[in-house]
Amino acid sequence: MSMANRMAGEVSIRLDRTRTLKFDFNALAEFRQKTGSSVELLFVRLANSKPASEMAAVEHALTLLSELELRALLWAALLHQEPQITIEEAGRLMDQADGESQTEKANYIFLKIFEAWAATKPAQVKKNLLRTVQTIQDRQKASAQIPENGTGTHSDERPSAILESPLEISGG
């Protein structure tokens with residue numbers, strides 16, 4: 001099992017096994033080379049779009065983010081740990097992420113990628129971004145406490161619909 005070093009900007013993610021995500025310079029460069037876009041511009045694009053009042057921010061972001069972009073983000077963030085991984089292998093790992101449906105898996109992966117990207121920001125911006133991540137995780141845990149089948153057997157690790165406010169990336 002791989003342990004993430006949060007001080008080094010690493011974030012744990014459960015796929016086929018626990019892996020670490022990190023947006024180092026190589027990840028950013030490989031993402032740009034693969035997609036023609038930068039990770040920074042992608043997150044700014046997502047943050048500047050305003051979700052409909054009834055739609056959760058992460059779900060809204062996923063409507064603006066293509067499957068190709070999500071897969072490329074995961075692939076790039078895994079390269080520091082596994083330099084030989086292919087983008088197709090990253091796609092297969094997405095199918096093994098936490099969650100029962102593809103939507104839950106995509107929400108979980110996006111949240112972890114967002115957290116890894118936030119770790120690359122200056123202190124105040126990082127603080128705001130990580131506060132957003134914590135809010136999302138708290139809401140996930142709170143919604144997990146409400147049993148879906150009335151038996152009380154709902155995992156607190158299960159991704160679900162989350163955050164009802166826009167993603168916050170400003171330093172203020």
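Description of the structure in this document.

Comments concerning the packing of aromatic side chains
Inference 1: Taken as a whole and judged by the stated rule, the model has 2 aromatic pairs.
Inference 2: Where F114 meets W117, the ring centres are 6.0 Å apart and the plane angle is 35°; that geometry is what we call tilted. With F114 and W117 both in helix α6 (residues 102-118), this residue pair falls 3 residues apart, about one helical turn.
Inference 3: A relative accessible area of 1% places F114 in the buried class.

A look at the packing of helix α4 (residues 67-78) against helix α5 (residues 87-94)
Inference 1: Between α4 and α5, whose axes approach to 9 Å, the crossing angle comes to 105°. One element, α4, and the other, α5, form an angle in the roughly perpendicular class. Two secondary-structure elements touch here, α4 through L70, R71, A72, L74, W75 and L78 and α5 through I87, E88, A90, G91, L93 and M94.
Inference 2: Residues that form the contact of α4 with α5 fall into these classes: 9 nonpolar, 1 polar and 2 charged.

Points about the nonpolar core
Inference 1: Formed by 35 residues in total, the largest nonpolar core has its most connected members in F23, F43, L73, L74, I109 and I113.
Inference 2: Elements represented by at least two residues in this core include exactly β1 (11-14), α1 (25-35), α2 (39-48), α4, α5 and α6.
Inference 3: When residues no more than four places from it in sequence are discounted, the contact partners of L74 are I13, L15, L21, A90, M94, I109 and I113.

Rules and cut-offs
- Residues numbered from 1 in each chain as written.
- Predicted model: local features only at pLDDT ≥ 70, side-chain atom pairs only at ≥ 80, totals over all residues.
- Heavy atoms only, no water.
- Phe/Tyr/Trp six-rings, centres within 6.5 Å; stacked < 30°, edge-to-face > 60°.
- Helix = DSSP H or I, 4+ residues; strand = E, 2+ residues; numbered from the N terminus.
- Buried < 20%, exposed > 50% of the residue type's maximum accessible area, 1.4 Å probe, protein only.
- Axes fitted to C-alpha atoms, helices over the stretch in contact; angles between N-to-C directions.
- Parallel < 35°, antiparallel > 145°, perpendicular 65-115°, else oblique.
- Contact = heavy atoms within 4.5 Å.
- Nonpolar A, V, L, I, M, F, W, Y, C, P; charged D, E, K, R; others polar.
- Core = buried A, V, L, I, M, F, W, Y, C linked by side-chain atoms within 4.5 Å.

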